[in-house]
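Structural description and commentary
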Amino acid sequence: MTTVNELCSIIEQTWPAAGAESWDSIGLVVGHRRDTVTHVRLCVDVTPDVIADAHAAGADFLIAHHPLLLRGVTSIDEETYKGNSVALLIRHRIGLLTAHTNADVVSRGVSDSLARALELTDVEPIVAHPHSVGHSGIGRVGNLVTPTPLGVVARRIATILPATAAGVRVSGEYERLVSRVALCGGAGDSLLSEPQVRTADAYITSDLRHHPASEFREWAKSENGPALVDVSHWASEWVWLATAAHDLTERMPSVVFSVSDVRTDPWDFLVVQ
Ligand SMILES: [Zn+2]
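Now for a look at the structure at hand.

Reading guide: rules and limits
Residues numbered from 1 in each chain as written. Predicted model: local features only at pLDDT ≥ 70, side-chain atom pairs only at ≥ 80, totals over all residues. Heavy atoms only, no water. Pairing = 2+ DSSP bridges. Helix = DSSP H or I, 4+ residues; strand = E, 2+ residues; numbered from the N terminus. Axes fitted to C-alpha atoms, helices over the stretch in contact; angles between N-to-C directions. Contact = heavy atoms within 4.5 Å. Donors = N, O, S within 2.8 Å, 3.2 Å for Na, K, Ca; no water. Tetrahedral: all angles 85-135°; square planar, octahedral: opposite > 155°, others 65-115°. Core = buried A, V, L, I, M, F, W, Y, C linked by side-chain atoms within 4.5 Å. Buried < 20%, exposed > 50% of the residue type's maximum accessible area, 1.4 Å probe, protein only. Domains from an automatic or database assignment.

Turning our eyes to something else, we now look at the sheet that holds strand β15 (residues 256-259). The five strands are arranged β2-β6-β5-β4-β15 in an open sheet whose pairing can be described as mixed. The open sheet has two edge strands with one neighbour each: β2 (27-30) and β15. Across the sheet, the axes of successive neighbouring strands diverge by a mean angle of 25°, strand direction being ignored. Packing of helix α1 (residues 4-14) onto the sheet brings it into contact with β2, β4 (39-43), β5 (61-64), β6 (95-98) and β15, and relative to β5 it is tilted by some 20°.

Once that is clear, we can look at the coordination of the zinc ion. Here the zinc ion is held by the protein donor atoms His66 (NE2), His233 (NE2), Glu237 (OE) and Glu237 (OE), which lie 2.0 to 2.3 Å from it. Here the zinc ion binds four donor atoms, and the angle range of 57 to 131° at the metal identifies the geometry as irregular. If you list the donors of the zinc ion from N- to C-terminus, the spacing comes out as H-x166-H-x3-E. On the criterion of helical spacing, the pair formed by histidine 233 and glutamate 237 is a turn pair, its members being four residues apart in helix α9 (residues 233-251).

Glancing now at the nonpolar core. Membership of the largest hydrophobic core comes to 46 residues, with the highest contact counts inside it found for Trp15, Ile63 and Phe257. With eight residues, the top contributor of residues to this core is α9. Of the domains in this structure, domain 1 (2-103) and domain 2 (106-233) are the two that each give at least three residues to this core. With residues near it in sequence (within four places) discarded, tryptophan 15 still touches Ile63, Ala99, Asn102, Ala103, Val106, Trp240, Ala244 and Leu248.

This is how it looks when you write it as structure tokens:
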């Protein structure tokens, strides 16, 4: 029987803790290292719906991308979302582990999975990780095999990502040709001033707010900078779960790794004007 402890060592090899940001909270959240593991479900966010789905699927462990508990916890009051989630996990005997920024930076991490889904070539990080070798670091930049109109690239992204209410939003002309694509799964507005982003033809990320996006758009107009493509945060990271399940299955063939398809994007519908 495989133990949580063995799973934790494989996870350390796959997404070393040294790759995590200092503010992050990663690793085992719920469970005992002596517990056994037969079926691991992967998800972006831990919510009661995700836990119910994992329980129904017979999973006894969850690997989540986003930390359920990131800041100081003083209560697991079950009337709160987080307290309820922790209690549900314990009652269902489902362990929980977080792989967050440590899973962003690795060579088969979150942004890298998106780059591969878009079939980019010569992929490298937007910002290389200071302590590691190879293709690790934040975000990815690479080339499309053939220059493609921006609108077609956006439609391709829409087919790669799971469906969400807000879909894919684009700042740039539909017909503009795109060869070099920068991307960052999850919130990527902190990378807007990076040279690898500014010299691309399009930058795909999530959670772009009005002011950074509008300032970038005006700069891009005058300097021929990249178009912006804003996608769902959850969807952009969900693509990585299949890569993670594949890589962990290769390392632990006796354990089942499956992907939760419960949508945890927070938006339910869009009114188009
Ligand atoms: Zn995220």
